[in-house]
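Chain by chain, the residues run as shown.
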Amino acid sequence: MSKKDMKAYWKENLGYLAILLAIWFLVSYVFGILLVDQLNTIKLGGFKLGFWFAQQGSMYVFVVLIFVYVKLMNKLDKKYGVDE
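First, a word on scope: everything that follows refers to the structure included in this document. (Residues numbered from 1 in each chain as written. Predicted model: local features only at pLDDT ≥ 70, side-chain atom pairs only at ≥ 80, totals over all residues. Heavy atoms only, no water.)

### Notes on the side chain of Asp77
- Within the fold, Asp77 resides in helix H3 (residues 49-80).
- Despite its burial, Asp77 pairs with no opposite charge, the nearest such side chain being Lys78 at 9.3 Å.
- Apart from residues no more than four positions distant in its own chain, Asp77 is found in contact with Tyr9, Val82 and Asp83. (Helix = DSSP H or I, 4+ residues; strand = E, 2+ residues; numbered from the N terminus. Buried < 20%, exposed > 50% of the residue type's maximum accessible area, 1.4 Å probe, protein only. Lys, Arg positive; Asp, Glu negative; His and termini not counted. Salt bridge = Lys/Arg side-chain N within 4 Å of Asp/Glu carboxyl O. Contact = heavy atoms within 4.5 Å.)

Rendered as structure tokens:
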């Protein structure tokens with residue numbers, strides 16, 4: 001891999017990380033803390049949506065984001081020829 005390819009690979013990796021961390025921040029902090037009162041007006045499975053995001057939603061989203069990151073990184077590895 002050339003230096004140019006390594007920089008491009010790392011730049012794309014950091015882009016993925018930034019997007020996924022922003023989603024996690026949005027779900028865990030903004031939905032779970034800042035907007036909890038507004039979201040509590042909506043019910044999900046008998047529970048207030050703000051409560052759900054604060055207690056369980058952010059964990060579920062985090063686990064989903066891990067799988068999304070793995071899929072994105074496998075695709076990126078193949079693109080740059082560094083897959084196993």
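Text resumes after the structure shown.
### Brief notes about helix H1 (residues 3-34)
- Taking 1.5 Å as the rise per residue, H1 with 32 residues should run 46 Å; its terminal C-alpha atoms sit 43 Å apart, in good agreement.
- If you check which residues of H1 are buried, you get Tyr9, Asn13, Leu20, Val27, Val30 and Gly32.
- Contacts from the buried residues of H1 go to helix H2 (36-39) and H3. (Expected span 1.5 Å × (residues − 1).)

### What to know about the side chain of Asn13
- Within the secondary structure layout, Asn13 lies in helix H1.
- By relative accessible area, Asn13 is classed as buried at 6%.
- In this structure, Asn13 is in contact with Tyr69, Met73 and Leu76, ignoring residues within four places of it in sequence.

### A few points about the packing of aromatic side chains
- Going through the model one piece at a time under the given rule, you end up with 5 aromatic pairs.
- Their ring planes at 35 degrees and their centres at 4.7 Å tell us that Trp24 and Phe62 sit as a pair that is tilted. Placement of the pair is Trp24 in helix H1 and Phe62 in helix H3, with a sequence separation of 38 residues.
- The partly exposed category is assigned to Phe62, whose relative accessible area is 35%.
- Geometrically, the ring pair formed by Trp52 and Tyr60 is tilted, given 6.1 Å between the ring centres and 45 degrees between the ring planes.
- With a relative accessible area of 22%, Trp52 lands in the partly exposed category. (Phe/Tyr/Trp six-rings, centres within 6.5 Å; stacked < 30°, edge-to-face > 60°.)

### Concerning the pattern of salt bridges
- Under the counting rule described, the total for this entry stands at 1 salt bridge.
- Here Lys79 makes a salt bridge to Glu12, at a shortest N to O gap of 2.9 Å. With Lys79 in helix H3 and Glu12 in helix H1, this residue pair connects regions lying 67 residues apart in the sequence.
- In this structure Glu12 comes out as partly exposed when scored by relative accessible area, which is 22%.

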